[in-house]
Amino acid sequence: MIVSWNTTNACNMYCAHCYRDAGCKAEDELSTAEAKKMLAEIARAGFRIMIFSGGEPLLRPDIIELVRHASGLGLRPVFGTNGTLITEEKARELKEAGAMGMGISLDSLDAKKHDEFRSFPGAWKGAVRGMENCRKAGLPFQIHTTVMDWNASELEAMTDFAVEKGAVAHHFFFLVPTGRAVSIEKKSLDAEAYESVLTRIMEKQKTVDIELKPTCAPQFMRIAKEMHVETRFRRGCLAGLAYCIISPRGKVQPCAYLNIEAGDVRKTPFDEIWKNAEIFLELRTLDYKGDCGACKYKGICGGCRARAAYYADGDYMAEETLCLYHGGKV
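Residues numbered from 1 in each chain as written. Predicted model: local features only at pLDDT ≥ 70, side-chain atom pairs only at ≥ 80, totals over all residues. Heavy atoms only, no water.

**Q** Explain the nonpolar core to me, using residue names and the numbers behind them.
**A** Core analysis: the largest hydrophobic core is formed by 93 residues, its most contacted members being Ile42, Phe52, Phe174 and Phe270. In this structure Ile42 touches Val3, Phe47, Met50, Leu75, Ile246 and Phe270, once residues within four positions along its chain are discounted. (Core = buried A, V, L, I, M, F, W, Y, C linked by side-chain atoms within 4.5 Å. Buried < 20%, exposed > 50% of the residue type's maximum accessible area, 1.4 Å probe, protein only. Contact = heavy atoms within 4.5 Å.)

**Q** Before we move on, could you go through the pattern of salt bridges and cite the residues and values that matter?
**A** Under the defined criterion, the tally for this structure stands at 19 salt bridges. Of the charged contacts in the structure, one is a salt bridge between Glu34 and Arg266, with a shortest N-O distance of 2.9 Å. Residue Glu34 is found in helix 1 (residues 32–44), and its partner Arg266 is found in the loop between strand 10 (263–264) and helix 9 (270–276); the two are separated by 232 residues along the sequence. Residue Glu34 is classed as partly exposed on the basis of its relative accessible area, which comes to 30%. On the accessibility criterion, Arg266 (30% relative accessible area) is partly exposed. Connected through shared salt-bridge partners, Asp28, Glu34 and Arg266 make up one network. (Salt bridge = Lys/Arg side-chain N within 4 Å of Asp/Glu carboxyl O. Helix = DSSP H or I, 4+ residues; strand = E, 2+ residues; numbered from the N terminus.)

**Q** Could you give an account of the packing of aromatic side chains, naming the residues involved and the relevant values?
**A** Going through the model one piece at a time under the given rule, you end up with 11 aromatic pairs. When the centroid spacing of 5.5 Å and the interplanar angle of 65 degrees are considered together, the rings of Phe47 and Phe270 count as edge-to-face. In this pair, Phe47 sits in the loop between helix 1 and strand 2 (49–53) while Phe270 sits in helix 9, placing the two residues 223 residues apart along the sequence. For Phe270, a relative accessible area of 0% puts it in the buried group. Through a chain of ring-to-ring contacts, the aromatic side chains of Phe47, Phe270, Trp274 and Phe280 assemble into a single cluster. Above the plane of the ring of Trp274 lies Arg284, whose end atom (NZ or CZ) is 4.5 Å from the centre. A cation sits over an aromatic face here: Arg305 above Tyr288, 4.2 Å from the ring centre. (Phe/Tyr/Trp six-rings, centres within 6.5 Å; stacked < 30°, edge-to-face > 60°. Lys NZ or Arg CZ within 6 Å of the ring centre and 35° of its normal.)

Geometric values such as these leave the question of function open.
Okay, structure coming up:
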């Protein structure tokens, strides 16, 4: 099971697609003591993978201490970061504290396009430098790419770049209109393009040894099965089933893009929220509506619950409108 914690709202960038609308540190973010208590509750709930995200998690002054604490609890600390703050020294510190991997954002092979998307001159060079520093320190890293209409043609070449740089994986994040991303919804892919891009990614997986994983496009599980592509993953959408996210202030929600509060770790221990929250219990029924409810792949796909909610007036059990699979055929 996987949990992601937005450790801080502070960020050195202002990315066009940010679901957290990050930039400045939020008032009343979890303290070091509160974070350690929460980490113990996460371990008690049976989670194994602990994602430190943001904002930019490396802007949090106590991040090394928290990584060390998480590792001591038996969690596997990994990161979602823009990579620009990963110096050689920081990479060594993270590895020594118990960090198991760094997910570094890179959205194009064209530095100008990446920098513009991230609203940060030098973002591309900084991200690649961060990768190189991870490699020197022996700290595994993977590349995270947000898929848009303007970079969809680059994806295979970016996977080749990931291999060249020594990444262990290349994960593709498909846009969900949440936070600042609402303003760039028209840059996301339509249903036909999703199907085509996911098919291309699965074809590419046959040619490379590193892991390729689409995120927020759970129909990749159907496509992988139909194309006989081996994957270690067993399900597409994990929201509320084997995944959730926690905000800088301790608010728990099913995923980064489904902005419905399940609980507050300052009021209720995380393990109790995970076990008893109403929204989690409903998501676990898999009682979806429309084509998602009738689909033979709902056990391994589930449709993107956040995208369903966005396009169905908040109904997170509605069908996934950007899936082409209807009535047993595409």
